[in-house]
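# Descriptive analysis of the structure
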2 protein chains.
Amino acid sequence: MRRIAILGSTGSIGRSTLSVVESYPERFAVVALAAGRNLDSIFEQAKRWKPRLISVASGNDGEKLRVRLRAAGLEAIEVVSGSEGAVRVATHPEADFVVSAIVGVAGLEATYAAVRAGKTVGLANKECLVAAGELITAEAQRQGKPLLPIDSEHNAVHQCLRGGRMAEVECIWLTASGGPFWKTPKQEFSSISVEQALQHPTWKMGRRITIDSATLMNKGFEVIEACRLFGLPPSRVKVLVHPQSTIHSMVEFVDGSILAQFSVTDMRLPILYALTFPERIASDMRFPVMNLRHLEFSPPDMEKFPCLRLAYMAAEAGGSKPVALNAADEVSVAAFLDGSIRFDQISQVIEAVISETDAGQLESIGQVLEADARGRQAAREKVAELAGSRPPRPTPAIVRGE
Amino acid sequence: MRRIAILGSTGSIGRSTLSVVESYPERFAVVALAAGRNLDSIFEQAKRWKPRLISVASGNDGEKLRVRLRAAGLEAIEVVSGSEGAVRVATHPEADFVVSAIVGVAGLEATYAAVRAGKTVGLANKECLVAAGELITAEAQRQGKPLLPIDSEHNAVHQCLRGGRMAEVECIWLTASGGPFWKTPKQEFSSISVEQALQHPTWKMGRRITIDSATLMNKGFEVIEACRLFGLPPSRVKVLVHPQSTIHSMVEFVDGSILAQFSVTDMRLPILYALTFPERIASDMRFPVMNLRHLEFSPPDMEKFPCLRLAYMAAEAGGSKPVALNAADEVSVAAFLDGSIRFDQISQVIEAVISETDAGQLESIGQVLEADARGRQAAREKVAELAGSRPPRPTPAIVRGE
C-alpha cells in the first residue's frame, strides 16, 4: 500500500493522481492534500478521500474549510495553511510518496522538504528542476530516493533509460510538437497575435504553457529538467521536432541503439508509472498500435525559436541563470498575453534578463526565491522599456475571459 | 575477456561477428570456428584469428585445410569435421559464448550441444527456435543461461523488455517491411515472377529469405521465434507493417507504455549487444536521429499473405507443426525459384503439409530432424502434384546464376 501526499491536489495533475488512486484502491491511500484557493474542490476531495491532513493557501480559507468539514462530520481532518502548511503535507510522517504538482516557485519549498524528509517524490512541478534542480537532485541522491518525473517526456526518458546503465547513455532525445508556428516564416513572428499563439496543435493546456510551447521555451525548460534529473550536460540532451507527439522521448545508448517510448497522451499513465515504480501494473490506457500510421520528425530551428537557444545557455551556466530564465519567461509571457509586448519580444526580454544575471551557485531554496524575484523585477523593467517604445494595443477578448 | 566460438564463421553473421571482435581486441578472443565448404575463407580466418579448433563440413576438406595450415606454420590449430566437429566447436571448454549462425537445420545439433554445455548462446539460426525452440529454450532455462537473439527484430524486443518484467508484458510488436508486394493486389499474386520476388525494398539478403520476406513467411518464423524465446503465446506476438524498417520492434507493457528500438541496420549492432550483454559498449554505429523524417505503419493483411496466418497456426499448435512449416517453406520456395510452382502456390504447399502433420511434441533433436525430413518429403510430393498440373516454365537467368 503506497500512502500518498499530493501537493496541488485540485489542479490537473492532482486530480489525475486521485483518479489513478481511485482505480486501484487496494494499492494506494491518500494521506495528505495541499490545495490553493479552490475551497469547493478541496472540500469534495476531503469528503471523498478523508485524508489525515489538508493544507490550503490562506488561513482564512483554512478556517472556512474547518467549518464545512465540521458540519460534514469530518472534524478529524486536520486543516493547516500557507507555505508551512504545504510543508507539513509534504513531510507527513505517514506518507511515503509525495506528488509535487503545485505550479510555479510556490511548490519549491514543500517539494524540497519532501525530498529532505526521505519521501519518494513524483515531480510534475517544472520549477523544481528548472530553478532548483541542482539542490533537489543532490538532496534526493543523499537520501537515496528516486525522483520520478510525472510528465510525458521525462517519464518516457525514465522508461527508456531502463535499457542500460547511465554510463551507457550517449544522449537523450526530447521530442517537441513544434507548436503552432513550426512552419511560420520568421519574418511573420512579430505579428503573431495572442489568439494565434493560444492555438496549440496537439495539447489542451494552460495559457502560459501554451505560449511556452509556441516559443519552444517549454522544450527549453524540459532540456534543463532532463539535465538535472538525469545528470547529463546540455550537449547530451537534444531536441527533435515530432508534430504528432506520439513518441514521447528517446534515449540513445553508446552502442548505437535507441529506445523510444510512446503511449496514449493521458497524464494518468506517467502518474501510474511513478506511483508503482519499479513495478508496472495493468491499466486500460491502451495505445491503438494497430492504428499507427504516420510519424514525422524534423530538426529544431534555434534561429526561429531563440527561447530554446536561451534555455541551452542557461542550462550550461546553471546556478541563477535558469532561475532568471524561468522568472523572465513568466513575466514576458504575461506581458505578451496582456498585449504589452509582441510575440517576438518574449525572447528579447528573456535574453536581456539572463545576460545580466550572474551565474552564481545557489545554496538554498531561499536563494532560489531571491534570484527568482530579481529575475522577475529585471523582466518587468525590460517589458516596460519595450512597451513604452510602441503603442499599446487592446487586450483581445479571449484574454479577458480568464 | 569473452572467449567466443562461432558456428558458421564464413557466412554473413559469422564474418560480422569477427568484424566486431576485431574492433574490440581487448574484450573478445576467438577460440573455435565451424565453417562449411569455403576452404579459402576459413583458411584466412585461421591465419587471422589462430583459434584452437576449426571444424569444416567434410573430412576431405578437413585434410586439405590441415595441409594448408601446416604449410603456414599453423599446425597447432586442431581441425575436425562433420556434425561431430561442429559439436566440438560448440562445446569447446575454453569458449564461454557461442554464436549460432549455421543456416538451416544443420545448425540444430551443435547449438543444442552448446546450450547443454552451459554456454551463453547468441542465436542467429532461425531453425533453432522455429523447429527446436521448445527443446532449446527449456534447456537454456535449466542451465540458467540467457539465449541472446542476434537478429534485428528479436534483439530489439530483448532491449525493450528491459523496461519491465516479463509478467508486465502485454504483447510484442514485430515490425515487418511488408516486402515488395505490400501494395500489390491479391489477384496479381499468381503472376508474380521470380525476378519481381527477388527485389526486396529494404534489405539485401539471401534468395530464400528474400522470398520469405515477400510472402511474409519470414515474419511468421519470427513470430514463432519470439513465442519460444520470450515464452509468450502467439496471440501476444503481433505484427505491424513498417515499410522503412527503422523501428526494429516494440514491446507493449500492461500499463499501456510501449518501448520501441531502432538503430542503423547493421548486423554488427545486435551481435555487439549479445556479446556484451548485460553491458553496452561504445560503437561507431550511429543512427542519424536528427535526419529522421517519416515513419509509416499499417496492419498486416493475413488474407493476402496466408504464410503469416499459417505460421500463427503452427506456433499455436507447436511440436512438429513449426518444423513442418519450415521444411515445407524451404522446399516450396526452392520450387518457386526453379520455376516449378507459382508464387501463390508457395503457401498452398505449406498449408497442405502442415495440415497433414501431427502436432506431436518432440523430445530430442533427432525427432526434430525426423519431422523435418517428413515435412520436406510431403512438400516435395505436393510440389510435384502442383507442377504436374501446369506447364513447366523456363528457369529465369537470374536463378541459374547461383
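Heads up: the structure comes first, above all this text.
As a starting point, this report considers the structure included with it. (Residues numbered from 1 in each chain as written. Chains lettered and ligands numbered in written order. Predicted model: local features only at pLDDT ≥ 70, side-chain atom pairs only at ≥ 80, totals over all residues. Heavy atoms only, no water.)

## Some words on the overall build of chain A
- Within chain A, the secondary structure is distributed over 17 helices and 12 strands.
- Taken over C-alpha atoms, the radius of gyration comes to 21 Å for chain A, in line with the 21 Å a tight globule of 402 residues would show.
- With respect to the principal axes defined by its C-alpha atoms, chain A has extents near 60 × 55 × 45 Å.
- Each of the 402 residues in chain A was classed as buried or not, and the buried ones make up 61%.
- Nonlocal contacts in chain A, meaning residues at least 24 apart in sequence, comprise 73% of its contacts between residues at least 6 apart.
- Charge-centre separation for chain A: the mean point of 45 positive side chains lies 4 Å from the mean point of 46 negative side chains. (Helix = DSSP H or I, 4+ residues; strand = E, 2+ residues; numbered from the N terminus. Rg over C-alpha atoms; globule rule 2.2 N^0.38 Å. Buried < 20%, exposed > 50% of the residue type's maximum accessible area, 1.4 Å probe, protein only. Contact = heavy atoms within 4.5 Å. Lys, Arg positive; Asp, Glu negative; His and termini not counted. Charge placed at Lys NZ, Arg CZ, Asp CG, Glu CD.)

## Focus: the pairing of strand β2 (residues 28-34) of chain A
Residues and elements named next belong to chain A.
- With respect to burial, β2 is a largely interior element, six of its seven residues being buried.
- Pairing between strand β1 (residues 2-7) and β2: six bridges, direction parallel. In the sheet register, L7 faces β2, and the bridge partner there is A34.
- Crossover connection from β1 via helix α1 (residues 12-23) to parallel β2: handedness right-handed.
- The pairing of β2 with strand β3 (residues 53-56) spans three bridges and is parallel. Note on β3: the bridge partner recorded for L33 is I54.
- Between β2 and its parallel partner β3, the chain crosses via helix α2 (residues 39-49), and the hand of that crossover is right-handed. (Pairing = 2+ DSSP bridges. Right-handed = clockwise from strand over helix to strand, strands pointing away.)

## Some remarks on the packing of aromatic side chains
- Across all of its chains, the model carries 18 aromatic pairs over all chains by this definition.
- For the pair Y273 of chain B and F277 of chain B, a centre-to-centre distance of 5.8 Å together with 45° between the ring planes defines the contact as tilted.
- Among the residues examined, F277 of chain B registers a relative accessible area of 23% and is labelled partly exposed.
- In this structure an aromatic cluster arises from ring pairing among F181, W182, F189, F305, F336 and F343 of chain A.
- Lying across the ring of W49 of chain B, R48 of chain B places its NZ or CZ 4.0 Å from the centre.
- Directly above the aromatic system of F221 of chain B lies the positively charged group of K126 of chain B, at a separation of 4.4 Å from the ring centroid. (Phe/Tyr/Trp six-rings, centres within 6.5 Å; stacked < 30°, edge-to-face > 60°. Lys NZ or Arg CZ within 6 Å of the ring centre and 35° of its normal.)

## Side note on the packing of helix α5 (residues 108-116) of chain B against helix α16 (residues 365-388) of chain B
Residue and element names in this part refer to chain B.
- Taken N-terminus to C-terminus, the directions of α5 and α16 make an angle of 160°; their axes are 10 Å apart at the nearest point. With respect to each other, α5 and α16 are oriented roughly antiparallel. Helix-helix and strand crossings are classified by hand; for α5 and α16 the assignment is right-handed. Residues L108, E109 and Y112 of α5 form the contact with α16, whose participating residues are I365, V368 and L369.
- A breakdown of the residues in the contact of α5 with α16 according to their chemical character gives five nonpolar, no polar and one charged. (Axes fitted to C-alpha atoms, helices over the stretch in contact; angles between N-to-C directions. Parallel < 35°, antiparallel > 145°, perpendicular 65-115°, else oblique. Left-handed = near helix turned anticlockwise from the far one by under 90°. Nonpolar A, V, L, I, M, F, W, Y, C, P; charged D, E, K, R; others polar.)

## Structural notes on the pattern of salt bridges
- Throughout the structure, instances matching the rule amount to 54 salt bridges over all chains.
- The residue D96 of chain A makes a salt bridge to R3 of chain A at a minimum N-O spacing of 3.3 Å. Here R3 of chain A lies in strand β1 and D96 of chain A lies in the loop between α4 (82-90) and β5 (97-100), a separation of 93 residues in the sequence.
- For D96 of chain A, a relative accessible area of 24% translates into the label partly exposed.
- Here E222 of chain B and K219 of chain B are joined by a salt bridge, their closest N and O atoms 2.7 Å apart. (Salt bridge = Lys/Arg side-chain N within 4 Å of Asp/Glu carboxyl O.)

## Some details on the interface of chain B and chain A
- Listed as interface residues are 47 residues of chain B and, on the opposing side, 47 residues of chain A.
- For the chain B and chain A pair, buried surface summed over both sides reaches about 4,000 Å², with 56% attributable to carbon and sulfur atoms.
- If you sort the residues of chain B by the area they bury against chain A, D255, R280 and M290 of chain B come out on top, with a joint share of 17%.
- Joining chain B to chain A, the criterion identifies four salt bridges. (Buried area = accessible area lost by both parts, 1.4 Å probe.)

## What about the sheet that holds strand β6 (residues 120-123) of chain B?
Residues and elements named next belong to chain B.
- The parallel open sheet is built from seven strands, whose spatial order is β4-β3-β2-β1-β5-β6-β7. Each of the sheet's edge strands pairs with one partner strand only, and the pair in question is β4 (78-81) and β7 (147-149). Going from strand to strand, the sheet's axes swing by 25° on average, the running direction of each strand aside.
- Strands in contact with helix α12 (residues 268-276) are β1 (2-7), β2 (28-34), β5 (97-100) and β7; relative to β1, the strand with the most contacts, it is inclined by about 130°.

## Points about the sheet that holds strand β8 (residues 169-176) of chain A
- A sheet is described by the order of its strands in space; here eight strands give the open sequence β9(A)-β8(A)-β10(A)-β11(A)-β11(B)-β10(B)-β8(B)-β9(B), paired in mixed fashion. The sheet is open, and its two edges are formed by β9 (237-241) of chain A together with β9 (237-241) of chain B, each paired on a single side. Sheet twist, expressed as the mean angle between neighbouring strand axes with direction ignored, is 25°.
- Sheet topology note: the β8 of chain A/β9 of chain A ladder contains five bridges and is parallel. Residue I172 of chain A lies in a different strand from β9 of chain A, and its bridge partner there is V237 of chain A.
- Across the sheet, helix α11 (residues 217-230) of chain B is in contact with β8 (169-176) and β9 of chain B; its angle to β8 of chain B comes to roughly 150°.

## Here we look at the nonpolar core
- In this structure, L325 and F343 of chain A together with L325 and F343 of chain B are the most contacted members of the largest nonpolar core, which totals 186 residues.
- Once residues lying within four places of it in the same chain are set aside, the contact partners of F343 of chain B are F181, F189, I192, A197, A214, T215 and F336 of chain B. (Core = buried A, V, L, I, M, F, W, Y, C linked by side-chain atoms within 4.5 Å.)

## Here's the deal with helix α3 (residues 59-71) of chain A
Residues and elements named next belong to chain A.
- For α3, with 13 residues, the first-to-last C-alpha span of 19 Å sits near the 18 Å given by 1.5 Å per residue.
- Within α3, burial applies to D61, G62, L65 and L69. End-on view of α3: buried residues confined to an arc of 100°, all on one side of the axis. Opposite the packed face of α3, turned more than 90 degrees from it, sit the exposed residues N60 and A71.
- Looking at the buried positions of α3, the neighbouring elements they touch are α2, β3 and β4 (78-81).
- Of the residues one or two after α3, G73 is the one with positive phi, at around 75°. (Expected span 1.5 Å × (residues − 1). Arc of directions from axis to C-beta.)

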